[in-house]
Amino acid sequence: MSSEKGRKISFSDFLMKSDGAVSSLVVLLGFLCATLLVIVVGRNPAGIYKSILQVVTGFNLNNGKWNIRYVGEWLNYSVPFVLCGFSMAFAARAGLFNIGGEGQYIVGLTVAQLLALNFPPIPVLHVLVAVVGGTMAGVIWGGIVGYLKARFEVSEVVATIMLNYTALYLSRIITLAIPGTNTYKTINFAETASLRIGFLSKLTNNSSMNAGFFIMLVCVFIYWFVMEKTNIGFGLRATGYNKDAARASGIPVISSIVIAMAVSGAFAGLAGSIVALGSFKYGRVIAGMDNYGFTGIAVALVGNNKALGTLFAGLLFGMLQAAQPIMQGNKIPKEITFIIQGLVVVFISLKAGITIFLAWKERRKVEKAEKLEKAALAGGAK
């Protein structure tokens, strides 16, 4: 009888078979390295974890007070990270590297601002048009890259990098041309263009949390359903695994590439719309990148391009963002959050190496067991 059935699963086996376990491990390693770094510079690392506890629970260990506002801010910060993570992840599942989430985010933000300022202030319809318009701007911006890739074999990496800067400077030119705009902001939006909800604001003690959080949760389900349960998702995943095999199986690879980039742009454009209409009461003349699109690449990597994984990774990065000002109050440099993010990305990039090492270790263990079994059989035969 084979001993495989009764064999206990080792920690190495668990890591090899679980992408989530590897991601969790690298996050822990990132925090461990950051803790050691804080100790080296002579600070108390407890300040890191006090700040994080305050963000995710609202409870302040220093004064014993509780304020739900911190939780609301954390969830609000997480929304663009999750959506921009989906922007990268959706393309990655189709074998594409969407480094243009930032540009798609910017065009979404810009169009949402324009519609918020110029569309008639009709309740519900005003904000709906602004959000959908920003999302569609992202679809077009991502779809351009998909078409160039599918039709002319233009590298999506090069195209998206160039379009990031095109989006940034177009946004500045367009927004500065709006009457009443100064060097950094437009006039205020009409109330009908805001994603903020009165009862939600009261519930979270006047935090910036808004309807965008619930839109993001719907997107988590949509991403999972489309990618895992539909023929379109199957075609995209097949294209990502092997384009030639997918083409031979009758899957329209060219349209899959365009669809993947267009949907990726939709997620990033939606993120820009939510930030514009949920976190601000006026349009911004952005001087530089907000970096949600670039950080979304890291979010997708940590989340293994899966729906729930990207959600949790986005919540992690949102938590670190929200913890920055609190860390300063706990005598921890806010830059430590960027170090943690960077370390997590470095460690997640070593995931393949970790998997290879664990596979080698497991193979050595099996070979050793086989040698012992052969030796035992040879001894019994004698």
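This report concerns the structure included in the present document. Computed from a predicted structure; not experimentally measured.

Cut-offs applied
- Residues numbered from 1 in each chain as written.
- Predicted model: local features only at pLDDT ≥ 70, side-chain atom pairs only at ≥ 80, totals over all residues.
- Heavy atoms only, no water.
- Salt bridge = Lys/Arg side-chain N within 4 Å of Asp/Glu carboxyl O.
- Helix = DSSP H or I, 4+ residues; strand = E, 2+ residues; numbered from the N terminus.
- Buried < 20%, exposed > 50% of the residue type's maximum accessible area, 1.4 Å probe, protein only.
- Phe/Tyr/Trp six-rings, centres within 6.5 Å; stacked < 30°, edge-to-face > 60°.
- Contact = heavy atoms within 4.5 Å.
- Polar contact = N/O pair within 3.5 Å; in protein donor to acceptor, adjacent residues only side chain to side chain.
- Axes fitted to C-alpha atoms, helices over the stretch in contact; angles between N-to-C directions.
- Parallel < 35°, antiparallel > 145°, perpendicular 65-115°, else oblique.
- Nonpolar A, V, L, I, M, F, W, Y, C, P; charged D, E, K, R; others polar.
- Patch = residues over 30% accessible without salt bridge, like charges linked within 9 Å, V, L, I, M, F, W, Y side chains within 5 Å.
- Areas by Shrake-Rupley, 256 points an atom, 1.4 Å probe, with all protein chains shown as cover.
- Lys, Arg positive; Asp, Glu negative; His and termini not counted.
- Charge placed at Lys NZ, Arg CZ, Asp CG, Glu CD.
- Expected span 1.5 Å × (residues − 1).

## So, the pattern of salt bridges
Across all of its chains, the model carries five salt bridges by this definition. Put simply, Arg69 and Glu73 hold a salt bridge, and the shortest N to O gap is 3.5 Å. With Arg69 and Glu73 both in helix H4 (residues 69-93) and four residues apart, this pair spans about one turn of that helix. In this structure Glu73 comes out as buried when scored by relative accessible area, which is 13%. The shortest N-O distance in the salt bridge between Arg93 and Glu228 comes to 3.0 Å.

## As for the packing of aromatic side chains
Counted under the stated rule, the structure contains 15 aromatic pairs. Look at Phe31 and Tyr49: their rings are 6.4 Å apart centre to centre, the planes differ by 35 degrees, and that puts the pair in the tilted class. Of the two residues, Phe31 sits in helix H2 (residues 19-40) while Tyr49 sits in helix H3 (residues 46-57), which places them 18 residues apart along the sequence. Owing to a relative accessible area of 12%, Phe31 belongs among the buried residues under this scheme.

## Remarks on the environment of Ser256
Take Ser256: it is sitting in helix H12 (residues 253-278). On a C-alpha basis, the gap between Ser256 and Val107 in space is 23 Å, while along the polypeptide they are 149 residues apart. Apart from the residues lying within four places of it in its own chain, the contact partners of Ser256 are Gly235, Leu236, Thr239 and Ile251. Here Pro252 takes part through its backbone oxygen, which lies 3.0 Å from a polar atom of the side chain of Ser256.

## Structural notes on the packing of H3 against H4
Remark: H3 packs on H4, axes separated minimally by 6 Å, with the N-to-C direction vectors making an angle of 90 degrees. Overall, the two elements H3 and H4 adopt an arrangement that is roughly perpendicular. From H3, Gln54, Val55, Val56 and Thr57 reach across to H4, where they touch Tyr70, Val71 and Trp74. Of the residues belonging to the contact of H3 with H4, the class tally is five nonpolar, two polar and no charged.

## Thoughts on a positive patch on the surface
Among the surface-exposed residues, Arg364, Lys368, Lys371 and Lys374 lie close enough to one another that they form a single positively charged patch. Structurally, Arg364 is set in helix H16 (residues 351-381).

## Details of the environment of Ser78
With respect to the element layout, Ser78 can be found in helix H4. Linking Ser78 and Tyr292, residues 214 residues apart in sequence, is a C-alpha distance of 10.0 Å. Beyond its immediate chain neighbours, meaning those up to four positions away, Ser78 contacts Gly314, Leu315, Gly318 and Met319.

## Examining H12
The first and last C-alpha atoms of H12 sit 37 Å apart over 26 residues, in line with the 38 Å expected at 1.5 Å per residue. The element H12 is largely enclosed, with a buried count of 21 among its 26 residues.

## Overview of the packing of H4 against H12
Across the interface, H4 lies against H12 with an axial gap of 8 Å and an inter-helix angle of 170 degrees. As judged from the angle between their axes, H4 and H12 are roughly antiparallel. Taking contact as the criterion, the partners of Val79, Pro80, Leu83, Cys84, Phe86, Ser87, Phe90 and Ala91 in H4 are, on H12, Ile259, Ala260, Met261, Val263, Ser264, Gly265, Phe267, Ala268, Leu270, Ala271, Ile274 and Val275. Looking at the contact of H4 with H12 residue by residue, the class counts come to 17 nonpolar, three polar and no charged.

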